Amino acid sequence: MWGGGDYTPASLTCLVSGSGQTTCTPSLPPACWGMCGHPIPSQDGTSSWTLYHIGNCGLLGSHPRLLLVLPSQRLPLTPAGRQCYDLLVIGGGSGGLACAKEAAQLGKKVAVVDYVEPSPRGTRWGLGGTCVNVGCIPKKLMHQAALLGGMIHDASHYGWKVAQPLHDWGKMAEAVQNHVKSLNWGHRVQLQDRKVKYFNFKASFVNPHMVCGVSKGGEETLLSADHIVIATGGRPRYPTHIEGALEYGITSDDIFWLKESPGKTLVVGASYVALECAGFLTGLGLDTTVMIRSVPLRAFDQQMASLVTEHMAVHGTRILRGCTPLRVERLSDGRLQVTWVDLASDKKDTGTFDTVLWAVGRVPETRGLNLEKAGVRTNPNTQKILVDAQEATSVPHIYAIGDVAEGRPELTPTAIMAGRLLAQRLCSRSSDLMDYDNVPTTVFTPLEYGCVGLSEEEAVARHGEERVEVYHAYYKPLEFVVPERDASQCYIKMVCLREPPQLVLGLHFLGPNAGEVTQGFALGIKCGASYQHVMRTVGIHPTCAEEVAKLRISKRSGLDPTVTGC
Amino acid sequence: MSAAYPRLSSAAREELRRRLLGLIEGHRVVIFSKSYCPHSARVKELFSSLGVDCNILELDQVDDGASVQEVLSEITNQRTVPSIFVNKVHVGGCDRTFQAHQSGVLQKLLQEDPACDYDLIVIGGGSGGLSCAQEAAALGRRVMVLDLVVPSPQGTSWGLGGTCVNVGCIPKKLMHQAALLGQALTDSRKFGWECSQQVKHNWETMTEAIQKHVGSLNRSYQRALREKAVAYVNSYGEFVEHHKIKATDGNGQETYYTAAKFVIATGERPRYLGIQGDKEYCITSDDLFSLPYCPGATLVVGASPVALECAGFLAGLGLEVTVMVSSQLLQGFDQEMAEKVASSMQQLGVRFLRKFVPVEVQQLEKGSPGKLKVVAKSTEGTEMIEGLYNTVLLAIGRDSCTKKIGLEKIGVKVNEKTGKIPVNDVEQSSVPYVYAVGDVVEGQPELMPIAVQAGRLLARRLFGGCLEKCDYINAPTVVFTPLEYGCCGYAEEKAVEVYRKENLEVYHTLFWPLEWTVACRDSNTCYAKIICSKFDNDRVIGFHVLGPKAGEITQGFAAAMKCGLTKQLLDDTIGIHPTCAQVFTTLEITKSSGLDATQKGC
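Model, not experiment: these values are computed from the prediction.

Conventions and cut-offs
- Residues numbered from 1 in each chain as written.
- Chains lettered and ligands numbered in written order.
- Predicted model: local features only at pLDDT ≥ 70, side-chain atom pairs only at ≥ 80, totals over all residues.
- Heavy atoms only, no water.
- Helix = DSSP H or I, 4+ residues; strand = E, 2+ residues; numbered from the N terminus.
- Contact = heavy atoms within 4.5 Å.
- Areas by Shrake-Rupley, 256 points an atom, 1.4 Å probe, with all protein chains shown as cover.
- Rg over C-alpha atoms; globule rule 2.2 N^0.38 Å.
- Buried < 20%, exposed > 50% of the residue type's maximum accessible area, 1.4 Å probe, protein only.
- Buried area = accessible area lost by both parts, 1.4 Å probe.
- Salt bridge = Lys/Arg side-chain N within 4 Å of Asp/Glu carboxyl O.
- Polar contact = N/O pair within 3.5 Å; in protein donor to acceptor, adjacent residues only side chain to side chain.
- Nonpolar A, V, L, I, M, F, W, Y, C, P; charged D, E, K, R; others polar.
- Pairing = 2+ DSSP bridges.
- Axes fitted to C-alpha atoms, helices over the stretch in contact; angles between N-to-C directions.
- UniProt positions renumbered as here; feature names shortened; annotations may be inferred.
- Phe/Tyr/Trp six-rings, centres within 6.5 Å; stacked < 30°, edge-to-face > 60°.
- Lys NZ or Arg CZ within 6 Å of the ring centre and 35° of its normal.
- pLDDT = per-residue confidence, 0-100.
- Right-handed = clockwise from strand over helix to strand, strands pointing away.

> Even after reading the chapter, I still don't get the overall build of chain A, so can you show me in this structure?
Within chain A one finds 14 helices and 26 strands. Across chain A, every contact between residues at least 6 apart in sequence was considered, and the portion connecting residues at least 24 apart equals 61%. Element-wise, carbon and sulfur atoms account for 50% of the exposed surface of chain A, whose accessible area totals about 22200 Å².

Structure representation (structure tokens):
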């Protein structure tokens, strides 16, 4: 497996085809084309090459885009003495990389320090942070794999002569992991292109302007910078008070890198990570249980949250509400026995699983940073770094962005935008601040839930029930009709101010392709869309999104919100 | 006339006059009023005490109030408000209305006009007609819908609901979905599903399932009409004289009905080539969706959305498909996008024969399907080509159904070239009591949701005292080709024509949907483009996306464009990760920069 730091871009050879020319050092047999991720012995037999499909290097016309990576000796990355930068970014995730690349583009001397501490199960990965390696990307791909399972089922109703096939986890995981590795590589190339220095170091503060980086081999390097951005993100929380949790459980850091199917799985948690993982595991045909202590998707609209879990239950996920695990033990056959308690009845119960996945929240990666040496203050409860609207910490030249910063949404695109805007401000290119309002997001449960703006509860809390009008509809996606899929949870609601022109405060969409549907409406809300604006938009027929432009029933009217006819 | 108000052009004056007459004719009581006028208030109170609903136009609250007052005075010889009409009769101002009330004349005038059988007859039971009829009935009017489907030359016929439900959007999207699922089967192997390599498709299974759904929609429309007490007559409507229509049923039985108002919503039917063999051997979209057998190797003639959509799903179902195009693809759409649509179809194996038109279709073998020989000639030279196909599908355009409905008898103007009915901005034809909605209307996008909206708003204006007009600007459209193409606003060439090139900035990028990476599909096929007006704050005036789920993506952006979307707002909006739609929040490359728009990593 290729991990960060094993190769440097200097050892990369690009294989170009398109005009029929092949440039390769040393040359490779043509049979190697297209074998993404497969090791290929070089002609002299002394080393092995690995082909990575990285999407595009802009050179290859319509041919498969390939890059070759040749393992070579690690180059000494650490020159003697200490190094000075205009900007030092700690953490090579979405926010850190965006900030570093933007600052470098604007002419600053920038370095990124990134180091992935292996998970308790030993899982590790390359550059790019949570989103690329153990978050959005592999999650959406496994979600897609699960959706495809549903589509195969649908296909037979649409005339395709196909029986429901079995799913090969190993094959999927390999394909997903290869894509992730290609993205890791892409990030490395981008840093190099933009002349950002990359160090595979574990960083900690020495003083407010200096960071000590420790390489895998234990070598220390001192890096100093005028501005330092902390973008170390977070890692899954282990409920260490539960006996056996750390020894036998895995987290989202591991699930995407498993080479073999997790089998019968218990997912513990009520976060979107918990529901998404349980959703795709179920979709892939695995016996899956979610254990939720109190309410699912706490920060989201609660009516939507309960529809999400209701759909999951219909979809085959077993949901244990109001329960909490007490201990995990390994049985002699290697399986895991989990004992839990039902909080209402205080009754204990046990179950046997192949895998226990903890998705009980995330801990910011601030502990190893020696923040106290720099004087950077954190919230003692959350361990997150306190920041102001400029993303500055308690130390003016040290900033924090992304999941590690207090009060910020834990989302890739917000971190990216915050990072870029921060870099622009640092380079005096603009004074624009990041606007954290009306951030759209989507939960990729089997039935996707997209939302932007206020939940109904929040709207009522801010404006009062009398001043809020909620328009809603239960609808049936056209595609569901032929395979006779149940659409009981396909639901939309738009939360508006009641007083004309009825400004839209929030939109909540539960149904297929919610992410794609929600994006444009998020813009509408940003533009100050009113209910009338949305109603005057001509629908696109037949889509699910058009139902948003047809919301005519208000909750207050008490009328049946089920859409009938077309 | 006061100099503060620009004098109306004679065309505008005529137009406004027609609108006012429409308003007056369409309502039991119309009060032209000013919101602050105490006399107006007294009259409103009077009618309210009589329990009579009034249609009130507050001249101080509409933009063209002064013009209305001016034209109104020409109609009534009364310059002041309030001005009251009861059942088309001008009663006068406040004092005269109270006098009429005291003398009993007003009560007499208020009695319904019993002369007509119906308040409204809608000709055509498609999306627009039905929405108008239902809305009018919901407003308490006596409404009839006349709908009879004349069988296609191949003998295909269908139930209530019009093109969209029976031979348009609905079955098309379902067949498109069937084709997408075929693609999903291929993808699924890459995602670890152990599907067999060669999955065959069964046309009959698909068609039966789709027709079952269409049938249920037909029935639900009938039920909806019954529930709303709309009289539904399965007959062909034809005007015989003013306010009177002849309804002929399937057996030739004729019945006559009268109505105060009429709405023409007869839609369109596919056009034939007018060459030897076309009506005998070719099919159209009227036939395809209920074809009882798999069409086999198919030649699709035409370059319309319908042509490309049908070609796309047939190819996706595994059939050999050729598209013969005489000139431009997707005329009226952005041509760069149209070419990209075509090349994405070529990647799926669709063959394009550009610049050819069929001149003759011969049947070589009968059967289901049979075998046809098509002779075609070049549009640029004398070259002739021949091809053998199982099925020839014509999708060269559609003709309005305005020819045989007696419009000439009552003087409704029809554009002789297009057969379409010109209407003003309140859907009124040249005959004040006759309106038109949907695809028969000249100069409006042929989209089902527009017809529905136009029909519903028309009914509300005619009978509900509402003034809102249908807004046709920035109507989004999606072509459901295998790779979907969604757009809203201007095509690039049209924008250049209207705004000039130097006043525009075009941002674009190719993109690679995340789901396509693992599926090993091409990384530079999907494309996003926006056209911004530089001197209007970089307002987005054109939105184009070619990619999976373009239909779902485009809708929200269309709503945003209604609210004056700008490039800055796009940049300020957080993307939803990972989706295709998010690509629009990070557009950086302008066409004018000439930079490479191929996509770069995550």
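> Even after reading the chapter, I still don't get the overall build of chain B, so can you show me in this structure?
Broken down by element type, chain B carries 19 helices and 26 strands. For chain B, the C-alpha radius of gyration of 28 Å lies close to 25 Å, the compact-globule estimate for 602 residues. For chain B, the spread of C-alpha atoms along the three principal axes comes to 85 × 60 × 50 Å. Looking at chain B residue by residue over its 602 residues, the buried ones come to 59%. Here the analysis covers contacts within chain B between residues at least 6 apart in sequence; of these, 64% occur between residues at least 24 apart.

> Honestly, unusual backbone geometry in this entry has me stumped. Any pointers?
Phi is mostly negative for residues that are not glycine, and the peptide bonds are mostly trans. Residues and elements named next belong to chain B. V81 connects to P82 through a cis peptide bond whose omega is 0 degrees. With respect to the element layout, P82 can be found in the loop between α3 (65-76) and β3 (83-86). At the junction of H577 and P578, the peptide bond is cis and its omega measures out at -10 degrees in the coordinates. Mapped onto the elements of the fold, P578 is located in the segment after α19 (567-572). One non-glycine residue, E427, adopts positive backbone phi at about 65 degrees.

> Sorry, what's going on with the interface of chain B and chain A here?
Frequently, the measure chosen for interface size is the accessible area that the parts lose on association. The partner chain A presents 85 residues to the 88 residues of chain B that form the contact. Together, the buried faces of chain B and chain A total about 7900 Å²; carbon and sulfur atoms form 67% of this surface. Considering only the side of chain B, the residues that lose the most area to chain A are W193, E552 and I574 of chain B, jointly responsible for 11% of the buried surface there. Put simply, chain B and chain A have four salt bridges between them. Note that E515 of chain B and K140 of chain A form a salt bridge whose closest N and O atoms lie 2.7 Å from each other. Counting every contact that joins chain B to chain A gives 24 residue pairs in polar contact (both at pLDDT 80 or more). For the side of chain B that touches chain A, the secondary-structure elements that each account for two or more residues are α7 (162-167), α8 (169-190), α9 (203-227), α15 (448-463), α17 (514-518), α18 (550-562) and α19 of chain B. With 14 residues, α8 of chain B is the single largest residue contributor to the side of chain B that touches chain A. Here the residues of the side of chain B that touches chain A are counted per class, giving 43 nonpolar, 25 polar and 20 charged.

> What's the story with the sheet that holds strand β16 (residues 323-330) of chain A in this structure? I'm lost.
Backbone hydrogen bonds are what pair the strands of a sheet, in a parallel or an antiparallel way. Residues and elements named next belong to chain A. Read across the open sheet, the three strands follow the order β16-β17-β18; overall the sheet is antiparallel. Two strands lie at the open edges of the sheet, namely β16 and β18 (348-353), each paired on one side alone. Each neighbouring strand pair of the sheet contributes to a mean axis angle of 25 degrees, computed without reference to strand direction. The pairing of strand β17 (residues 336-342) with β18 spans six bridges and is classified as antiparallel. Directly across from L336, in β18, lies its bridge partner F353.

> Any chance you could explain the environment of V376 of chain A here in plain terms?
All names here are of chain A. Relative to the helices and strands, V376 is located in the loop between α9 (371-374) and β21 (398-400). The sequence separation of V376 and E102 amounts to 274 residues, and the corresponding C-alpha distance is 24 Å. Setting aside residues no more than four positions away along its own chain, V376 makes contact with L371, I385, T393, S394, V395 and I398.

> Hey, could you run me through the UniProt feature "domain: Pyridine nucleotide-disulphide oxidoreductase dimerisation" (unreviewed entry) in chain B in this one?
Within this structure's numbering, the places UniProt gives as "domain: Pyridine nucleotide-disulphide oxidoreductase dimerisation" (unreviewed entry) are residues 476-586 of chain B. For residues 476-586 of chain B, the end-to-end C-alpha separation is 22 Å, with 29% helix and 29% strand making up the annotated structure.

> Looking at this structure, I do not really get the packing of aromatic side chains. What am I missing?
What describes a pair of aromatic rings is the distance from one ring centre to the other and the angle between the planes of the rings. Inspection of the entire model under this criterion finds 17 aromatic pairs over all chains. Aromatic pair F543 of chain B and F557 of chain B: ring centres 4.6 Å apart, planes at 25 degrees, arrangement stacked. Taken as a pair, F543 of chain B in strand β26 (residues 539-546) and F557 of chain B in helix α18 lie far apart in primary sequence, 14 residues in all. Judged by relative accessible area, which is 0%, F557 of chain B ranks as buried. Three or more aromatic residues link up through ring pairs in this structure, and these residues are Y85, F199 and F201 of chain A. Looking at R42 of chain B, its charged tip hangs above the ring of F98 of chain B, at a distance of 4.5 Å from the centre. Directly above the ring of Y507 of chain B sits K567 of chain B, whose terminal nitrogen or CZ lies 4.4 Å from the centroid.

> Explain the confidence of the model for chain A here, please?
Atomic detail in the predicted coordinates should be set aside for any region of low pLDDT. For chain A, the average pLDDT comes to 87, and 85% of its residues sit at 70 or higher. Low pLDDT, under 50, characterises residues 1-80 of chain A; the predicted model gives this stretch 151 contacts beyond four residues in sequence or across chains.

> What is the right way to look at the pairing of strand β6 (residues 143-146) of chain B in this model?
Within a regular strand, side chains alternate between the sheet's two faces. Residues and elements named next belong to chain B. Here β6 shows two buried faces, one formed by V143 and V145 and the other by M144 and L146. As paired elements, strand β5 (residues 118-123) and β6 share four bridges and run parallel to each other. In the sheet register, V122 faces β6, and the bridge partner there is V145. At this point the chain moves from β5, through helix α6 (residues 127-138), to the parallel β6, and the crossover so formed is right-handed. In terms of strand pairing, β6 meets strand β7 (residues 231-233) through three bridges, oriented parallel. Note on β7: the bridge partner recorded for V145 is Y232.

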